[in-house]
Amino acid sequence: ASLLYVGRQVADNTAAIRSSTMQAVADSSDIALQNQAADEDLTRIRLAGNADFSSLTKVEAGRYLAFHRGVWIRMQNIYAQQRLGVLDESFWETYSKIICEIYAPPGVRATWQFNVPVLDPDFVEFVEACADS
């Protein structure tokens, strides 16, 4: 009976951890998207930079790079959560598609090398595999 109780407690704790982690990821994404939506200039820079990074001024390029550094660090965290097994598989499937969507624009790929040195090599490999899919 004690082993059944402990097993149930572990299952309940695992579910709570997964739920809490997924909520934190969703909240982080919501905040980032709301901040971007509220900043018309950043949205303009992001859209222009995605199409052609070289078209940005130095200041715009700096903002574009900083924005994407934050995105990649957040996405790497989600990737790490998945590898730790604390994300539901369907939740991870959605975010893996989002990561590949983020990587797709020409401007993002043109600036990717600025982010690679600060990212986990396994995450870098995952993102770069998006180009093959």
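Below is a summary of the structure that appears in this document. No experiment lies behind these values; they were computed from the predicted model shown.

Quick notes on the rules
- Residues numbered from 1 in each chain as written.
- Predicted model: local features only at pLDDT ≥ 70, side-chain atom pairs only at ≥ 80, totals over all residues.
- Heavy atoms only, no water.
- Helix = DSSP H or I, 4+ residues; strand = E, 2+ residues; numbered from the N terminus.
- Buried < 20%, exposed > 50% of the residue type's maximum accessible area, 1.4 Å probe, protein only.
- Contact = heavy atoms within 4.5 Å.
- Areas by Shrake-Rupley, 256 points an atom, 1.4 Å probe, with all protein chains shown as cover.
- Expected span 1.5 Å × (residues − 1).
- Core = buried A, V, L, I, M, F, W, Y, C linked by side-chain atoms within 4.5 Å.
- Axes fitted to C-alpha atoms, helices over the stretch in contact; angles between N-to-C directions.
- Parallel < 35°, antiparallel > 145°, perpendicular 65-115°, else oblique.
- Nonpolar A, V, L, I, M, F, W, Y, C, P; charged D, E, K, R; others polar.

### A look at the overall build of the chain
Reasoning step 1: Along the chain, the regular secondary structure elements total six helices and zero strands.
Reasoning step 2: When the elements of the chain are put in sequence order from the N terminus, they spell out α-α-α-α-α-α.
Reasoning step 3: Classification of the 133 residues of the chain by burial places 32% in the buried group.
Reasoning step 4: Sequence separation of at least 24 residues holds for 63% of the intrachain contacts in the chain that already meet a minimum separation of 6.
Reasoning step 5: Just so you have it, the chain exposes about 8,100 Å², and 57% of that area is on carbon and sulfur atoms.

### As for helix H3 (residues 58-83)
Reasoning step 1: Over its 26 residues, H3 runs 37 Å from end to end, which matches the ideal 38 Å to within 8%, given 1.5 Å per residue.
Reasoning step 2: When we look at burial in H3, the residues that qualify are Glu-60, Ala-61, Tyr-64, Phe-67, His-68, Val-71, Trp-72, Met-75, Gln-76, Ile-78, Tyr-79 and Gln-81.
Reasoning step 3: Directly after H3, the chain includes Gly-85, whose backbone phi takes a positive value near 80 degrees.

### Some words on the nonpolar core
Reasoning step 1: Within the largest apolar cluster, 26 residues are counted, with the highest numbers of intra-cluster contacts made by Trp-72, Met-75, Trp-92, Ile-99, Trp-112, Phe-123 and Val-127.
Reasoning step 2: Looking at this core, the elements that each hand over two or more residues are helix H2 (40-51), H3, helix H4 (89-103), helix H5 (106-115) and helix H6 (121-129).
Reasoning step 3: With eight residues, H3 is the largest single contributor of residues to this core.
Reasoning step 4: For Trp-72, the residues in contact, after removing those within four places along its chain, are Ile-99, Ile-102, Tyr-103, Val-108, Trp-112, Asn-115, Leu-119, Phe-123 and Val-127.

### Focus on the packing of H2 against H5
Reasoning step 1: Between H2 and H5, the least distance of the axes is 5 Å, while the angle of their chain directions is 85 degrees. Taken together, H2 and H5 sit at an angle that is classed as roughly perpendicular. Only Pro-106, Gly-107 and Val-108 of H5 make contact with H2, whose side of the interface consists of Gly-49, Asn-50 and Ala-51.
Reasoning step 2: Classifying every residue of the contact of H2 with H5 by side-chain character gives three nonpolar, three polar and no charged.

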